[in-house]
Amino acid sequence: VQLQAFGGGLVQPGESLRLSCTASGSTFHGYTVAWFRQVPGKEREFVAVFRWTGTTLYADSVKGRFTISRNSAKDAVNLQMNSLKPEDTAVYYCAASRTVIASSTSSPNAYSTWGQGTLVTVSS
């Protein structure tokens, strides 16, 4: 499967954005799909995951503000980001794998396929 992430942009603090990760070459059926983010000079950070079982997990820093969901009709995994803060500024990547175990879903090393990233900037 190949991944494409899009939906980033420039917003003000408190506003919302929705990122989408779409699949080509295959479908997301049976895949665990996650969002990570990275700022220059820092390691890639886990944001949220939609496991193939349908369960979700969020980083503490985004819990209650971000929602990850799967749109089966469009074969996409979306990340709805509300109440954005300047510290949410980063390049956001989606990643997918069929072989992620539950205890590793927040580790970037668990994912074999990555999208190209989309930049989210939160600034007044």
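Conventions used here
- Residues numbered from 1 in each chain as written.
- Predicted model: local features only at pLDDT ≥ 70, side-chain atom pairs only at ≥ 80, totals over all residues.
- Heavy atoms only, no water.
- Core = buried A, V, L, I, M, F, W, Y, C linked by side-chain atoms within 4.5 Å.
- Buried < 20%, exposed > 50% of the residue type's maximum accessible area, 1.4 Å probe, protein only.
- Helix = DSSP H or I, 4+ residues; strand = E, 2+ residues; numbered from the N terminus.
- Disulfide = S-S within 2.5 Å.
- Pairing = 2+ DSSP bridges.
- Salt bridge = Lys/Arg side-chain N within 4 Å of Asp/Glu carboxyl O.
- Phe/Tyr/Trp six-rings, centres within 6.5 Å; stacked < 30°, edge-to-face > 60°.

Draft legend 1. Here's a closer look at the nonpolar core. In terms of nonpolar packing, the biggest core is built from 37 residues, with F28, W35, L79, M81 and Y92 touching the most fellow members. When residues of this core are traced back to their parent elements, those giving at least two are β1 (2-6), β3 (17-24), β4 (32-38), β5 (45-50), β7 (66-71), β8 (76-81), β9 (90-97) and β11 (118-122).

Draft legend 2. The state of the cysteines, seen in detail. The full count for this structure, using the stated rule, is one disulfide. The disulfide partner of C21 is C94, and the S-S distance across this bridge is 2.2 Å. Negative torsions about the S-S bond denote left-handed disulfides, and the value of about 70 degrees found for C21 with C94 makes this one right-handed. A residue pair is termed long-range when its members are at least 10 positions apart, and C21 in strand β3 and C94 in strand β9 qualify at 73 residues.

Draft legend 3. The pairing of β9, seen in detail. With seven of its eight residues buried, β9 lies for the most part within the structure. Bridge count for β9 against β11 is three bridges, and the pairing is antiparallel. Across the sheet, residue V91 finds its bridge partner in β11, namely L119. Sheet topology note: the β9/strand β10 (residues 113-114) ladder contains two bridges and is antiparallel.

Draft legend 4. Representation of the pattern of salt bridges. On inspection of all chains with the given rule, the structure shows four salt bridges. Taken together, the salt bridges that share partners define one network made up of R37, E45, R65 and D88.

Draft legend 5. Geometry of unusual backbone geometry. The phi dihedral of D75 falls on the positive side, at around 50 degrees, and the residue is not glycine. Relative to the assigned elements, D75 resides in the loop between β7 and β8. One non-glycine residue, S83, lies in positive phi territory at about 50 degrees. Within the secondary structure layout, S83 lies in the loop between β8 and β9. The class of S83 is partly exposed, set by a relative accessible area of 42%.

Draft legend 6. Geometry of the packing of aromatic side chains. All told, the structure shown has five aromatic pairs when counted by the stated rule. Centroid distance F36 to F46: 5.8 Å. Interplanar angle 70 degrees. Geometry classified as edge-to-face. Of this pair, F36 sits in strand β4 while F46 is found in strand β5, placing the two residues 10 residues apart along the sequence. Overall, the relative accessible area of 11% leaves F46 in the buried class. Consider the rings of Y93 and W114, whose centres lie 6.5 Å apart with planes at 80 degrees: the pair is edge-to-face. In this pair, Y93 is assigned in strand β9 and W114 in strand β10, connecting sequence segments 21 residues apart.

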